[in-house]
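# A structural walkthrough
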Number of protein chains: 2
Amino acid sequence: MINPHRYCVIMCGGIGSRFWPYSRSSRPKQFIDFLGTGRSLLQMSFDRVLPIVPKENVFVVTNEMYAPLVREQLPELSEAQILLEPARRNTAPCIAWAAYHIAAIDPEASIMVAPSDHLITRESVFEQSIVKGFEFVEAHDALLTLGIRPTRPETGYGYIQIGAPVNDEGICKVKTFTEKPKLELAEVFVESGEFFWNSGIFLWRAETIIRELKNHAPDVAGVFEKGVGMFGTPAEKEFIGANFPACVGISIDFAVMEKASNVYVECVEFGWSDLGTWSALYDNSPKNRDTNVTQNCNVLAYNSTGNIFAVNGEKLIVVDGLKDYIVADAGDVLLICPKAEEQRIKQMVNDANLAFGDKYL
Amino acid sequence: MINPHRYCVIMCGGIGSRFWPYSRSSRPKQFIDFLGTGRSLLQMSFDRVLPIVPKENVFVVTNEMYAPLVREQLPELSEAQILLEPARRNTAPCIAWAAYHIAAIDPEASIMVAPSDHLITRESVFEQSIVKGFEFVEAHDALLTLGIRPTRPETGYGYIQIGAPVNDEGICKVKTFTEKPKLELAEVFVESGEFFWNSGIFLWRAETIIRELKNHAPDVAGVFEKGVGMFGTPAEKEFIGANFPACVGISIDFAVMEKASNVYVECVEFGWSDLGTWSALYDNSPKNRDTNVTQNCNVLAYNSTGNIFAVNGEKLIVVDGLKDYIVADAGDVLLICPKAEEQRIKQMVNDANLAFGDKYL
């Protein structure tokens with residue numbers, strides 16, 4: 001029997017610009033079947049929490065423009081389970097709204113917050129970890145974040161330094177949150193055994209996060225305090241339309257986690273990647289004999305290794321003499337770029353849209 | 001006043017496999033606006049002969065499957081000017097049929113035969129050269145081929161070695177035809193001044209080529225001899241349908257030019273390329289600042305030089321770190337291949353169609 005006071009908030013508002021042009025603002029990363037499993041990353045995120053929280057307690061927070069995609073991909077959700085943001089305002093306002101909304105429905109609620117576009121390969125370990133996390137935040141007045149044991153000195157992630165353990169189950173006080181480190185520092189982090197990747201997966205009781213928002217992010221909490229009495233009622237939609245856009249855009253890490261004193265980390269290992277880069281996608285995808293990765297396309301490769309081919313539709317790619325490239329085709333745009341240069345893609349998107357009037361966003 | 005006994009036969013049956021997938025069997029090279037001029041190579045071939053022969057004396061010989069494309073691109077032609085081959089049988093049967101057909105209409109005809117998919121940049125020199133050639137074959141019982149003065153030791157062309165000059169106008173006896181040479185030999189050829197590129201452009205009187213076909217290619221001529229009396233009449237179509245496919249597939253060079261004794265070469269220089277390879281197309285196309293060539297597409301290039309981008313439709317290509325490649329996109333197939341490896345494309349087409357059941361021919 002699943003605890004009926006457990007809730008899940010799936011954050012689904014990202015625009016996936018790092019995977020342009022395969023992921024477009026009209027169909028961002030979380031809506032794509034990136035791993036060729038037949039389920040999009042959002043659908044996989046939803047499937048993954050069903051053993052943990054009641055289906056009707058899963059909320060998806062997304063931008064208004066993605067409502068049709070969410071409805072199409074998750075027909076199991078009622079309209080009331082889709083929270084539509086009228087503007088993009090980073091994670092703190094998203095999380096605050098969801099917390100106020102759920103608290104109005106169930107004052108005893110405990111909530112897991114998770115991104116919609118991450119990969120988790122060991123789902124049963126994930127399930128055990130989340131259940132442990134729920135039990136912890138239900139027993140303590142705590143903000144809990146999941147820290148992933150690092151497997152390499154990754155410079156693309158933030159790290160969490162752990163403090164004293166509070167139990168035998170891998171939960172510790174948080175000592176510090178760190179920015180993305182340079183390689184030398186990341187190597188020291190991994191060596192030390194004290195640093196874990198910041199996964200962006202959180203657990204807390206609704207009342208705890210609301211109180212901490214009021215303490216540390218009063219400008220955000222203040223917007224939603226005005227709506228108390230309206231959450232979970234027909235008045236909520238109009239209230240959000242009028243007030244949500246007035247929130248500052250700020251991350252939950254910066255607004256609350258780095259400031260609050262009751263912040264804990266659960267150290268976990270469940271095959272996690274944020275799939276935040278083409279290289280991460282490449283690393284996490286099955287490879288063929290030539291060490292190429294193909295997404296939704298047939299590839300005939302000659303003297304070509306280490307590439308990732310991502311193409312919408314039934315396209316044949318014939319390639320010779322290409323090593324460690326990204327080849328991404330979205331119908332009206334074709335990108336060919338070395339994996340090592342992928343941090344430049346954002347600039348390329350800007351250049352393309354400056355040159356062609358936002359036609360290729 | 002244009003001589004009304006002068007005719008032109010444009011050979012337009014090629015399938016353009018070397019430019020796969022940009023050129024497909026459903027829309028081969030000669031039907032594509034390869035140079036971005038607004039006219040296809042076939043249309044340019046037609047335009048080029050209009051100052052030389054009467055419009056109604058231009059015949060296009062093509063495969064039945066390309067009839068709609070020819071009609072669309074050359075609406076100036078009457079149906080009688082389009083000779084539709086029921087099968088692909090190389091150049092000798094094509095040329096033989098056209099000769100018998102034209103001889104039936106005009107026994108005094110002299111004929112220029114030209115491919116439909118070559119580039120000629122200096123059209124007024126071309127015009128003068130062809131007129132000179134017509135005058136020669138009208139005055140002599142000769143088979144005349146045009147030899148292009150080589151500008152580099154090209155290994156992709158056959159060469160013609162010239163013999164004794166027969167006039168002051170650059171016309172010589174042919175000493176030998178050669179196969180495509182290796183580079184060392186090609187260098188010797190160019191150095192010598194005695195070798196010219198074999199252009200595949202021919203001039204002769206109808207009666208001369210018919211007689212030489214009977215002498216040297218009786219198996220080909222024999223097929224058409226049976227039809228004498230039917231050419232230029234309503235019976236021709238049925239005759240060709242029944243008999244043309246029985247011809248052996250053989251080139252006019254091999255069937256006649258290398259065997260006949262009255263073979264001459266006119267040495268010309270009019271900016272010719274057979275555009276037979278991506279590299280030749282690259283060399284003959286206007287380049288942008290980055291030395292890239294783009295066909296029908298917008299390209300944003302970073303650290304990329306010496307490439308040729310050929311894409312059907314309004315597509316944006318964003319490319320980083322690519323040097324001397326062919327990028328050709330035909331909607332259902334994308335080819336990425338170093339220019340230096342383009343001789344392997346034929347094998348790739350075979351591999352693709354073996355793997356996917358002729359879907360990508």
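In what follows, the accompanying structure is described. All values derive from a computational prediction rather than experimental measurement.

Cut-offs and rules
Throughout, residues of each chain are indexed from 1 in the direction in which the sequence is written. Here every chain gets a letter starting at A, and every ligand a number starting at 1, in the order they are written. Owing to the predicted nature of the model, reporting of local features is limited to residues with pLDDT of at least 70; listing and counting of side-chain atom pairs is limited to 80 or more, with chain, interface and lining totals taken over all residues. Excluding hydrogens and water, the side-chain values take into account all heavy atoms of the structure. The term disulfide is used for any two cysteine sulfur atoms that are within 2.5 Å. The buried label applies to any residue whose accessible area, calculated with a 1.4 Å probe on protein chains only, is under 20% of its type's maximum; exposed applies above 50%, and partly exposed to all values in between. Note on contacts: a residue pair qualifies if any of its non-hydrogen atoms lie within 4.5 Å across the two residues. Buried area is a sum: the accessible area each of two parts loses on coming together, probed at 1.4 Å, counted once for each and added. Put simply, a salt bridge is a Lys or Arg side-chain nitrogen that is within 4 Å of an Asp or Glu carboxyl oxygen. In protein, a polar contact means a hydrogen-donor-capable atom and an acceptor-capable atom, both N or O and within 3.5 Å, with residues adjacent in sequence counting only if both atoms are side-chain atoms; elsewhere, any N or O pair within 3.5 Å suffices. A helix here means a DSSP run of H or I that spans at least four residues, while a strand means a run of E at least two residues long, and both kinds are numbered starting from the N terminus. Here a cavity means grid points, on a 1 Å grid over the protein atoms only, where a 1.4 Å probe fits yet cannot get out; a pocket means an open set of points with protein on both sides within 12 Å along at least five of seven lines; lining residues are those with an atom within 4 Å of a point. Grid points are joined across faces, edges and corners, and a volume is the space filled by probe spheres set on the points. Nonpolar residues are Ala, Val, Leu, Ile, Met, Phe, Trp, Tyr, Cys and Pro. Charged residues are Asp, Glu, Lys and Arg, and all others, Gly as well, are polar. A least-squares fit on C-alpha atoms brings the copies together, and the residues used are those whose pLDDT is at least 70 in both copies. For this analysis, a ring pair means two rings from Phe, Tyr or Trp (six-membered ring only for Trp) whose centres lie within 6.5 Å, classed as stacked if their planes differ by under 30 degrees, edge-to-face if by over 60, and tilted for the remaining angles. By definition here, charges over rings are those cases where NZ of Lys or CZ of Arg is within 6 Å of the ring centre and within 35 degrees of the ring normal. At least two DSSP bridges between two strands are needed for those strands to be called paired.

### Focus: the state of the cysteines
Note: disulfide means a covalent bond formed between the sulfur atoms of two cysteine side chains. Under the defined criterion, the tally for this structure stands at zero disulfides over all chains. Cys12 of chain A provides the cysteine sulfur closest to Cys94 of chain A, a residue in no disulfide bond, and the two sulfurs are 9.7 Å apart. Here Cys172 of chain B stays unpaired: no disulfide links it, and the sulfur of Cys267 of chain B, its closest cysteine neighbor, is 4.5 Å away. Under the relative-accessibility criterion, Cys172 of chain B is labelled buried at 6%.

### Structural notes on the interface of chain A and chain B
A common way to express how large an interface is: the accessible area buried when the components associate. Residue-level contacts link 34 residues of chain A with 34 residues of chain B. Taking both partners together, chain A and chain B bury about 2800 Å²; carbon and sulfur atoms supply 57% of that area. Between the two partners, chain A and chain B, sit four salt bridges. A salt bridge links Arg344 of chain B to Asp320 of chain A, with the shortest nitrogen-to-oxygen separation between them at 3.6 Å. Connecting chain A to chain B are 18 residue pairs in polar contact (both at pLDDT 80 or more). Only strand E12 (293–302), strand E13 (308–320), strand E14 (325–329), strand E15 (333–338) and helix H11 (345–356) of chain A provide two or more residues apiece to the side of chain A that touches chain B. Considering every element that reaches the side of chain A that touches chain B, the biggest residue donor is E13 of chain A, with seven residues.

### Examining the layout of surface pockets
All names here are of chain B. Of the volumes computed, that of the second largest pocket is approximately 1400 Å³. Along the walls of the second largest pocket sit 41 residues, with Arg18, Asn90, Thr91, His118 and Asp274 positioned nearest its centre. Counting residues per element, the ones that place at least two in the lining of the second largest pocket are helix H3 (91–105), strand E8 (171–178), strand E9 (195–205) and helix H9 (252–257). A per-element tally of the lining of the second largest pocket places E9 first, with four residues. In terms of residue class, the lining of the second largest pocket is made up of 12 nonpolar, 17 polar and 12 charged.

### Some thoughts on the relation of the copies chain A and chain B
The two copies are related by a screw motion: chain A maps onto chain B through a turn of 179 degrees and a shift of 0.1 Å along the axis, at an RMSD of 0.1 Å. Read as a symmetry element, the transformation amounts to a two-fold axis. If distances are taken from each C-alpha of chain A to the rotation axis, the shortest is found for Gly331 of chain A, at 3.9 Å. A share of 100% of interface residues in chain A that are also interface residues in chain B marks the association as one of identical surfaces.

### Remarks on the packing of aromatic side chains
A complete count under the given rule lists 36 aromatic pairs over all chains for this structure. Geometrically, the ring pair formed by Phe136 of chain A and Tyr264 of chain A is edge-to-face, given 5.3 Å between the ring centres and 65 degrees between the ring planes. Highlighted residues: Phe136 of chain A in helix H4 (residues 123–139) and Tyr264 of chain A in strand E10 (residues 263–268), separated in sequence by 128 residues. Accessibility expressed as a relative area gives 17% for Tyr264 of chain A, which makes it buried. Here a set of aromatic residues connected by ring pairs shows up, and it is made of Trp97, Tyr100, Phe224, Phe231, Phe239 and Phe244 of chain A. Here the basic side chain of Lys173 of chain B rests over the ring of Tyr264 of chain B, its NZ or CZ set 4.8 Å away from the ring centre. The cationic tip of Lys339 of chain B hangs over the ring face of Tyr282 of chain B; the distance from NZ or CZ to the ring centre is 3.3 Å.

### Brief notes about the pattern of salt bridges
Opposite charge on two side chains makes pairing possible when the charged atoms of those side chains draw close. Residue and element names in this part refer to chain A. With the rule as written, the count across this model stands at 34 salt bridges over all chains. One salt bridge in this structure joins Arg6 and Glu138, with 2.8 Å as the shortest N-O distance. Note that Arg6 is positioned in strand E1 (residues 6–11) and Glu138 in helix H4, a separation of 132 residues in sequence. Look at Arg6 and you get buried, because its relative accessible area is 10%. A salt bridge links Arg48 to Glu123; the shortest N-O distance between them is 3.5 Å. One end of the pair, Arg48, is in helix H1 (residues 41–49); the other, Glu123, is in helix H4, with 75 residues separating them in the sequence. Residue classification places Arg48 among the buried positions, given a relative accessible area of 6%. On the basis of relative accessibility, which here comes to 35%, the residue Glu123 falls in the partly exposed class. Through salt bridges with shared partners, one network takes in Asp141, Arg205, Glu207, Arg211 and Glu212.

### So, the pairing of strand E6 (residues 143–148) of chain B
Residue and element names in this part refer to chain B. Taken across its six residues, E6 has six buried, putting it largely inside the fold. What you see with E6 is no split at all: Leu143, Thr145 and Gly147 on one side and Leu144, Leu146 and Ile148 on the other are buried throughout. Where E6 lies against strand E10 (residues 263–268), six bridges are found, and the strand directions are parallel. Pairing of Thr145 across the sheet is with Val265, part of E10. With four bridges joining them, E6 and E9 adopt antiparallel strand pairing. In the sheet register, Leu144 faces E9, and the bridge partner there is Leu203.

Everything listed here is a matter of coordinates, which is why it stays silent on function.
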